[in-house]
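Fold and contact review
Okay, here's what each chain looks like letter by letter:
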Amino acid sequence: NWFAKLDSKYSLVGKLSESLDKSIQELKASEGESAQTVKQIEETVSKTSKQLQKLAEEIDLIEGGKQALGAVGEVVETSIDKAVDANKEYKLTDRAAEAAKKAVENAKESQK
């Protein structure tokens, strides 16, 4: 808070930013090792920024995939629960087993 009040009164951050920008521009305009160093720093920052942006996009994609899989998992779980409930209520597996036994018996009798 104190620094924010001081900055609003004297515009320190703006002045500091302007001073740094001016110094960087002077270094870039000069020839020699300093200019080359500034250019290398700018290139490194640019590359790093691009890589961080790609990483952020990949993380967003992964999170979206996780959310989608979570939703699919919930739907599958609900479907299985409904199927189990329907089986209990209508005895579907018992009926299917009886039908299969009758089909086998009929097939055996037709073979005789």
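Residues numbered from 1 in each chain as written. Predicted model: local features only at pLDDT ≥ 70, side-chain atom pairs only at ≥ 80, totals over all residues. Heavy atoms only, no water.

Attention now goes to the confidence of the model for the protein chain. When pLDDT is averaged across the protein chain, the result is 86; 95% of the residues are at 70 or more. Within the protein chain, the lowest mean pLDDT, 71, falls on helix α1 (residues 2-10), and the highest, 90, falls on helix α4 (residues 92-111). (pLDDT = per-residue confidence, 0-100. Helix = DSSP H or I, 4+ residues; strand = E, 2+ residues; numbered from the N terminus.)

What follows is about the packing of helix α3 (residues 33-90) against α4. Their axes nearest at 6 Å, the elements α3 and α4 cross at an angle of 65°. On α4, the residues touching Ala86, Asn87 and Tyr90 of α3 are Leu92, Thr93 and Arg95. Along the lines of polarity and charge, the residues of the contact of α3 with α4 split into three nonpolar, two polar and one charged. (Axes fitted to C-alpha atoms, helices over the stretch in contact; angles between N-to-C directions. Contact = heavy atoms within 4.5 Å. Nonpolar A, V, L, I, M, F, W, Y, C, P; charged D, E, K, R; others polar.)

Tallying each qualifying case throughout the model produces two salt bridges. A salt bridge links lysine 28 to glutamate 42; the shortest N-O distance between them is 3.0 Å. Remark: glutamate 42 occurs in helix α3 and lysine 28 occurs in helix α2 (residues 12-29); sequence separation between them is 14 residues. Look at lysine 28 and you get partly exposed, because its relative accessible area is 27%. (Salt bridge = Lys/Arg side-chain N within 4 Å of Asp/Glu carboxyl O. Buried < 20%, exposed > 50% of the residue type's maximum accessible area, 1.4 Å probe, protein only.)

There is a patch of nonpolar side chains on the surface, built from Val72, Val76, Ile80 and Val84 and spanning about 320 Å² of accessible area. Along the chain, valine 84 falls in helix α3. (Patch = residues over 30% accessible without salt bridge, like charges linked within 9 Å, V, L, I, M, F, W, Y side chains within 5 Å. Areas by Shrake-Rupley, 256 points an atom, 1.4 Å probe, with all protein chains shown as cover.)

This part is about unusual backbone geometry. Its identity as a non-glycine residue notwithstanding, lysine 91 has a phi of 50°, on the positive side. Examined against the element boundaries, lysine 91 turns out to sit in the loop between α3 and α4. Looking at lysine 91, the relative accessible area reads 48%, which means it is partly exposed.

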